[in-house]
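Remarks on the overall topology
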Amino acid sequence: MKRALLLVDHGSREAEAGAHLERIAGELRKHRPDLAVYTAHLELAEPSIATAISACARDGVEELIVHPFFLAPGRHASRDVPAALEAAARAHPRLRLRLLEITGQAAGLAELILGTLPPVVH
């Protein structure tokens, strides 16, 4: 079964925001070359969720794991992303979709933030 990961963020009119998500996807591809990694944006930028899921289906993906790249469980993460996935599931009934928790709920997030602090100088 061909599996893939789809990173979904809010989207932005700023090109650097999209480039940032692509850099993260590139890092994931380096760590897991066996896993196809796609990106999508909820709004304001392409590819949209529908476009990315169509690409996955065209590429023969059978199971798509969707990671919402959001820090807080607001309306977009709790309603809009699931609604877009439901619409895509209707358009691609053979594609199995699995929605993960948002980035902000990932274990180890506090350690990640603390790891970015500069050292204490005495």
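Residues numbered from 1 in each chain as written. Predicted model: local features only at pLDDT ≥ 70, side-chain atom pairs only at ≥ 80, totals over all residues. Heavy atoms only, no water.

1. Description of the pairing of strand E4 (residues 96-99)
- By the bridge criterion, four bridges tie strand E3 (residues 63-68) to E4 in an arrangement that is parallel. Directly across from Glu63, in E4, lies its bridge partner Arg96.
- In this view, the connection linking E3 to its parallel neighbour E4 by way of helix H3 (residues 75-91) has right-handed handedness. (Pairing = 2+ DSSP bridges. Helix = DSSP H or I, 4+ residues; strand = E, 2+ residues; numbered from the N terminus. Right-handed = clockwise from strand over helix to strand, strands pointing away.)

2. Some thoughts on the pairing of strand E1 (residues 3-9)
- For E1, a buried count of six out of seven residues is recorded, marking the element as mostly surrounded by other parts of the structure.
- Pairing analysis gives six bridges linking E1 to E3, with the strands arranged parallel. Of the residues in E3, the one forming a bridge with Leu7 is His67.
- The pairing of E1 with strand E2 (residues 36-41) spans six bridges and is parallel. Counterpart to Ala4 in the pairing with E2 is Ala36. (Buried < 20%, exposed > 50% of the residue type's maximum accessible area, 1.4 Å probe, protein only.)

3. Here we look at the side chain of His92
- Assignment of secondary structure puts His92 in the loop between H3 and E4.
- One polar contact links His92 to Ser54, side chain to side chain, over a distance of 3.1 Å. (Polar contact = N/O pair within 3.5 Å; in protein donor to acceptor, adjacent residues only side chain to side chain.)

4. Comments concerning the confidence of the model for the protein
- Taken residue by residue, the protein gives an average pLDDT of 92. The fraction at 70 or more is 100%.
- Mean pLDDT per element in the protein: helix H4 (residues 109-114) is the minimum at 90, and E2 is the maximum at 97. (pLDDT = per-residue confidence, 0-100.)

5. Observations concerning H3
- The end-to-end C-alpha separation of H3 is 23 Å, in line with the 24 Å expected for 17 residues at 1.5 Å each.
- Listing the buried residues of H3 in full gives His76, Ala77, Val81, Pro82, Leu85 and Ala88.
- Against E1, helix H2 (49-58), E3 and E4 lie the buried residues of H3. (Expected span 1.5 Å × (residues − 1). Contact = heavy atoms within 4.5 Å.)

6. Some details on the pattern of salt bridges
- In total, this model carries six salt bridges according to the counting rule given.
- Between Arg3 and Glu63 there is a salt bridge whose closest N-O contact spans 3.3 Å. In this pair, Arg3 is assigned in strand E1 and Glu63 in strand E3, connecting sequence segments 60 residues apart.
- A residue is classified by how much of its surface remains accessible, and Arg3, at 39% relative accessible area, is partly exposed. (Salt bridge = Lys/Arg side-chain N within 4 Å of Asp/Glu carboxyl O.)

7. Concerning the nonpolar core
- Formed by 21 residues in total, the largest nonpolar core has its most connected members in Leu6, Val8, Tyr38, Ile49, Ile53, Val61 and Leu64.
- Elements with a contribution of two residues or more to this core: E1, E2, H2, E3 and H3.
- Here this core takes five residues from H2, the largest share from any one element.
- Residues in contact with Ile53, not counting those within four places in the same chain, are Leu6, Leu64, Leu85, Ala88, His92, Leu95 and Leu97.
- Among the nonpolar cores identified, the runner-up in size contains seven residues, and Leu21, Ala25, Leu35 and Val37 belong to it. (Core = buried A, V, L, I, M, F, W, Y, C linked by side-chain atoms within 4.5 Å.)

8. Some words on the environment of Ala91
- Its location among the elements puts Ala91 in helix H3.
- Judged by relative accessible area, which is 53%, Ala91 ranks as exposed.
- Taking the C-alpha atoms as reference, Ala91 lies 9.4 Å from Ile53; in sequence the two are 38 residues apart.

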